[in-house]
Amino acid sequence: MPTASLKRRYAAKLAANLLGLAINMLTQAIIPRGLGPKAYGDFSFLSNFFTQVVGFFDMGTSTCFYTKLSQRQRDIGIITFYIGFAIVASLAVSLLVFIVSFTPVSNKIWPDQLMFFVYLAAIWGIFSWFIQILNVIVDAFGLTVPAEMARIAQKILGVILISGLFFSNYLNLSNFFFITMSCS
């Protein structure tokens, strides 16, 4: 499959980011009202916490992965190795969260949080990292245009789902975690 020109890839990224900005502004007007201050605060706290934890386990390797994969696109071993690394790091994060959840330390790390939401946030953080890895692979292979079209479709689906749940009064923290995992 021929890769798109740099100009076309840039235009696709720019269009997806501009549309994403508009969609994010719309959803940010809906989400805090739909979830309420406590649930929205819990989501923000837990998602930020696990973004940082997963970022720590990433240790900047995703940048190295992108650079090496861009240089050696035919070397599938790089992808295999990095996916293996990501799986091991994800299992380490999951195991750490699971073990800590059974100790009194969990109340200090995640004060006043239901463990169900802590687990969802951990899954969300790991899933978000894998989406970033997939984006790196797609960009390295020059498949940016179809990937950005898919991202636009996902974002539109996400805003439709969030709006539907909001207007039907079914938007809650569980639903929101699942929507952000499936439409991000």
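Residues numbered from 1 in each chain as written. Predicted model: local features only at pLDDT ≥ 70, side-chain atom pairs only at ≥ 80, totals over all residues. Heavy atoms only, no water.

Considerations on the nonpolar core
If you look at the biggest cluster of nonpolar residues, it comprises 40 residues, and the most contacted ones within it are F50, F65 and F177. Looking at this core, the elements that each hand over two or more residues are α1 (6-58), α2 (61-71), α3 (76-101), α5 (115-140), α6 (144-167) and α7 (173-182). (Core = buried A, V, L, I, M, F, W, Y, C linked by side-chain atoms within 4.5 Å. Buried < 20%, exposed > 50% of the residue type's maximum accessible area, 1.4 Å probe, protein only. Helix = DSSP H or I, 4+ residues; strand = E, 2+ residues; numbered from the N terminus.)

Remarks on the pattern of salt bridges
A side chain with one charge may pair with a side chain of the opposite charge, provided their charged atoms come close. Applying the stated rule across the entire model yields five salt bridges. Residues D75 and R72 are paired through a salt bridge, measuring 3.6 Å at the closest nitrogen-oxygen approach. Of the residues examined, R72 reaches a relative accessible area of 44% and is grouped as partly exposed. The network of salt bridges with common partners includes K13, D139, E148 and R151. (Salt bridge = Lys/Arg side-chain N within 4 Å of Asp/Glu carboxyl O.)

Some details on the packing of aromatic side chains
Under the counting rule described, the total for this entry stands at 15 aromatic pairs. Judged by centre distance (4.7 Å) and plane angle (70°), the ring pair of F43 and F176 falls under edge-to-face. Within this pair, whereas F43 is found in helix α1, its partner F176 is found in helix α7, the two being separated by 133 residues in sequence. The pair F43 / F176 is uniform in exposure class, with both members buried. Where F85 meets W129, the ring centres are 6.2 Å apart and the plane angle is 85°; that geometry is what we call edge-to-face. Of this pair, F85 sits in helix α3 while W129 sits in helix α5; the two residues are 44 residues apart in sequence, bridging distant segments of the chain. With a relative accessible area of 22%, F85 lands in the partly exposed category. (Phe/Tyr/Trp six-rings, centres within 6.5 Å; stacked < 30°, edge-to-face > 60°.)

Thoughts on the layout of surface pockets
The probe, sized like a water molecule, is rolled over the atoms to show the empty space still left. If you add up the space inside the second largest pocket, you get close to 230 Å³. Forming the walls of the second largest pocket are twelve residues, and the residues nearest its centre are T51, G125, S128, W129 and Q132. When residues of the lining of the second largest pocket are traced back to their parent elements, those giving at least two are α1 and α5. Of all the elements, α5 adds the most residues to the lining of the second largest pocket, at six residues. Split by residue class, the lining of the second largest pocket holds four nonpolar, seven polar and one charged. (1 Å grid on protein atoms, 1.4 Å probe; cavity = no way out; pocket = protein on both sides within 12 Å on 5 of 7 lines; lining within 4 Å. Points joined across faces, edges and corners; volume = space filled by probe spheres on them. Nonpolar A, V, L, I, M, F, W, Y, C, P; charged D, E, K, R; others polar.)

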